[in-house]
Amino acid sequence: MFRLNCERPLGILFPLLVHDIHLVPKKNNPVNPVLLVAISAHKFNHYQSSKMSMSNCQTTTRFQVLLIDPLGVPEGHNVGLAYLASSAREAGHEVEVLHLDFSSARTPDRIRRAVKNKDYIGVSLHAVTAQYSARRTARLVKAYNPDCVLLVGGPHITLDGKRFLEECPDVDIAVIGYGELTLVDILTRRPLHGIPGLMFREGDSIILNREREELIDLDALPYPDYSVFDNREAITSYHITTSRGCPYQCTYCAVPMMNRRRWRFRSVENIIDDIRSAEKAFDRFSIIDDTFTQNISRAKRFCAEYIKSGIELTWELPCGIRADKLDEELTDLMKRAGCTRVALGIETFDARVFESLNKRENISG
Ligand code: B12
Ligand code: SF4
């Protein structure tokens, strides 16, 4: 059911897709009813992608959104979905996150229960889940809720989304790159043709829109939201990104291909405020940046400000930093600021292999 806030006469919609019309009380004004037009989300998707101009048309509907992390990553939780959840919630939508690795209940049963009454369902794909479980997850989602709009996104889709759409007919839209702004645009019902950073089906074709300008102002994003995860009680560490991307080009790494070697970062003030907001609800936090210490002075400033802030959470850098982006002063500051674990990306001690990885580092330090 969609509430239309549209200057265009509704009559032009009727032959296309309207199933049902109701006069219902406005939530805040029961006396003055609004016109509610019942359209299946699926049909509306086709309407959206049609050539009709909808530039004056926006819905104010609060959609029911489900985001799924498919089977295959038993370790950690999907940070991308926490960022998507907070952006969609900030835009006024209801969001739930289903982490399929968690719980021993049968996966099909969990999917069947979770997809009920959802308008939009998004599946997050890494290379592993794309091979292992994503197609089956998509099939089950559409079998149990054929009217939903099914979206996919994540590193695998950014790198190989077209092939996934071709091979998985259940999927309607693929979001390329960072998804916060694109997801909100989709939920706002902007016409799909005009939304950068996605691919979608139109008849038998797959339409690839222009690239979305990368997220430059990371401070403008809402903080990640883990409260809507079905396994929230199991999440004791608050995972955040303080920067995104990496300017290097190590041969084994997908990151430079995903973000075109650009490194973007949040202000220290914004990061500290974020961590403060999570202080009471989590035992510790993890910074999962691609290269947190890329700018060593910024990392030092973060540590110094964190010490001053008085926040007592300990923290970790589990995703690896470069060995050449660490000096003694930073190591000391990190320790004093409560950092308890750092992963260092060394990869190999064989000089020949090391050279072939194009890390642009010196193995002897
Ligand atoms: C944290 C992390 C982990 C954690 C947690 C993973 C998890 N559960 O999410 C742990 C340590 C468990 C892990 C494990 C592995 N990882 Co890892 N990991 C990362 C890391 C460093 C950060 C991911 C992250 O949270 N980024 C921040 C968020 C904000 O970005 P995001 O996840 O991409 O999400 C955004 C978009 O992709 C998009 N999006 C994501 N999902 C969806 C869904 C929808 C519906 C929409 C619309 C949009 C959307 O919107 C999000 C917000 O902008 C990345 C590097 C990277 N830059 O991606 C590697 C990375 C994802 N990992 C990688 C790999 C290879 C692995 C392992 C296979 C390693 C191994 N050999 O064991 C395992 C297994 C993972 C798997 N099953 O796929 C590769 C994936 C390559 C690929 N083509 O998929 C990456 C890119 C690293 C690399 N150097 O190449 N990883
Ligand atoms: S420095 Fe790290 S994130 Fe950057 S390309 Fe190399 S392995 Fe990937």
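Residues numbered from 1 in each chain as written. Chains lettered and ligands numbered in written order. Predicted model: local features only at pLDDT ≥ 70, side-chain atom pairs only at ≥ 80, totals over all residues.

**A word on the overall build of the protein chain**
- On a plain count of helices and strands, the protein chain comes out with 13 helices and 17 strands.
- In the protein chain, which comprises 365 residues, the share counted as buried stands at 34%.
- In the protein chain, of all internal contacts separated by at least 6 residues, the share reaching a separation of at least 24 is 71%. (Helix = DSSP H or I, 4+ residues; strand = E, 2+ residues; numbered from the N terminus. Buried ≥ 20, exposed ≤ 12 C-beta atoms within 10 Å, placed from the backbone. Contact = placed C-beta atoms within 7 Å.)

**Remarks on the site of ligand 1**
- Close to ligand 1 lie 38 residues, the nearest being G80, G122, H126, G153 and G179.
- In terms of residue class, the shell around ligand 1 is made up of 20 nonpolar, 15 polar and three charged.
- Domain assignment of the residues forming the shell around ligand 1 places at least three in each of domain 1 (16-26 + 236-356) and domain 2 (37-208). (Near = placed C-beta within 6 Å. Nonpolar A, V, L, I, M, F, W, Y, C, P; charged D, E, K, R; others polar. Domains from an automatic or database assignment.)

**Remarks on helix 8 (residues 180-187)**
- The buried fraction of helix 8 amounts to six of the eight residues, a majority that puts the element mostly inside the structure.
- For helix 8, the full list of buried residues reads E180, T182, L183, D185, I186 and L187.
- Of the residues flanking the end of helix 8, it is R189, one or two places downstream, whose phi is positive at about 70°.

**Quick notes on the nonpolar core**
- Ranked by internal contacts, the top residues of the largest apolar core, which has 51 residues, are L67, A85, A174 and L198.
- The element that contributes the greatest number of residues to this core is helix 3 (residues 79-90), accounting for six residues.
- Not counting residues up to four positions away in its chain, the partners in contact with A174 are V152, G153, I157, G161, F164, L165, L198 and M199.
- If you look at the next biggest cluster of nonpolar residues, it comprises 16 residues, including I287, A299, I321 and A337. (Core = buried A, V, L, I, M, F, W, Y, C linked by C-beta atoms within 7 Å.)

**Quick word on the pairing of strand 7 (residues 120-124)**
- For strand 7, a buried count of five out of five residues is recorded, marking the element as mostly surrounded by other parts of the structure.
- Strand direction decides the pairing type here: strand 7 and strand 8 (residues 149-153), joined by five bridges, are parallel. Along strand 8, the bridge assignment pairs Y120 with V149. (Pairing = 2+ DSSP bridges.)

**Notes on the sheet that holds strand 9 (residues 173-175)**
- Sheet architecture is open: seven strands sit in the order 6-5-7-8-9-10-11, paired in mixed fashion. Across the chains shown, the open sheet's two edge strands, defined by having one partner strand only, are strand 6 (94-99) and strand 11 (205-208). The mean inter-strand angle of the sheet, taken between neighbouring strand axes irrespective of direction, is 20°.
- Inspection of the sheet shows strand 9 paired to strand 10 (residues 198-202) by three bridges, in the antiparallel sense. (Axes fitted to C-alpha atoms, helices over the stretch in contact; angles between N-to-C directions.)

**Quick look at the site of ligand 2**
- Taken together, C246, Y248, Q249, C250, C253, V255, P256, D290, T291, R322 and G345 are the residues near ligand 2.
- Split into classes, the residues belonging to the shell around ligand 2 amount to six nonpolar, three polar and two charged.

**Comments concerning helix 11 (residues 296-309)**
- End to end, helix 11 covers 20 Å across 14 residues, agreeing with the expected 20 Å (1.5 Å per residue, within 8%).
- For helix 11, the complete set of buried residues consists of A299, F302, C303 and Y306. Axial view of helix 11: buried residues confined to an arc of 95°, hence all on one face. Exposed and oriented more than 90 degrees from the buried face of helix 11 are S297 and K308.
- In this structure, the buried residues of helix 11 make contact with helix 10 (268-278) and helix 12 (328-336).
- Just downstream of helix 11 lies G310, where phi reads positive at about 80°. (Expected span 1.5 Å × (residues − 1). Arc of directions from axis to C-beta.)

**Quick look at the sheet that holds strand 12 (residues 237-240)**
- Read from one edge of the open sheet, four strands run 12-15-16-17, paired in parallel fashion. Each edge of the open sheet is held by one strand with a lone partner, namely strand 12 and strand 17 (339-345). Neighbour-to-neighbour, the strand axes of this sheet turn through a mean angle of 15°, independent of strand direction.
- In this sheet, strand 17 lies alongside strand 16 (residues 314-322) in parallel orientation, the contact comprising five bridges.

**As for the confidence of the model for the protein chain**
- Considering every residue of the protein chain, the mean pLDDT works out to 85; 84% of them sit at 70 or more.
- Note that residues 1-57 has pLDDT below 50 and, in this model, 69 contacts with residues that lie over four places away or in other chains. (pLDDT = per-residue confidence, 0-100.)

**Regarding unusual backbone geometry**
- Unlike most non-glycine residues, N117 shows phi in positive territory, near 65°.
- Within the element layout of this structure, N117 appears in the loop between helix 4 (107-115) and strand 7.
- Given 10 C-beta atoms within 10 Å, N117 falls into the exposed group.

**Examining the packing of helix 10 against helix 11**
- In the contact formed by helix 10 and helix 11, the axes pass within 10 Å of each other and the chain directions differ by 40°. What the angle tells us is that helix 10 and helix 11 run oblique. As helix 10 packs across helix 11, the resulting crossing turns out to be right-handed. Residues V268, I271, I272 and R276 of helix 10 form the contact with helix 11, whose own contacting residues are R301, F302, E305, Y306 and S309.
- Its residues placed into classes, the contact of helix 10 with helix 11 shows five nonpolar, one polar and three charged. (Parallel < 35°, antiparallel > 145°, perpendicular 65-115°, else oblique. Left-handed = near helix turned anticlockwise from the far one by under 90°.)

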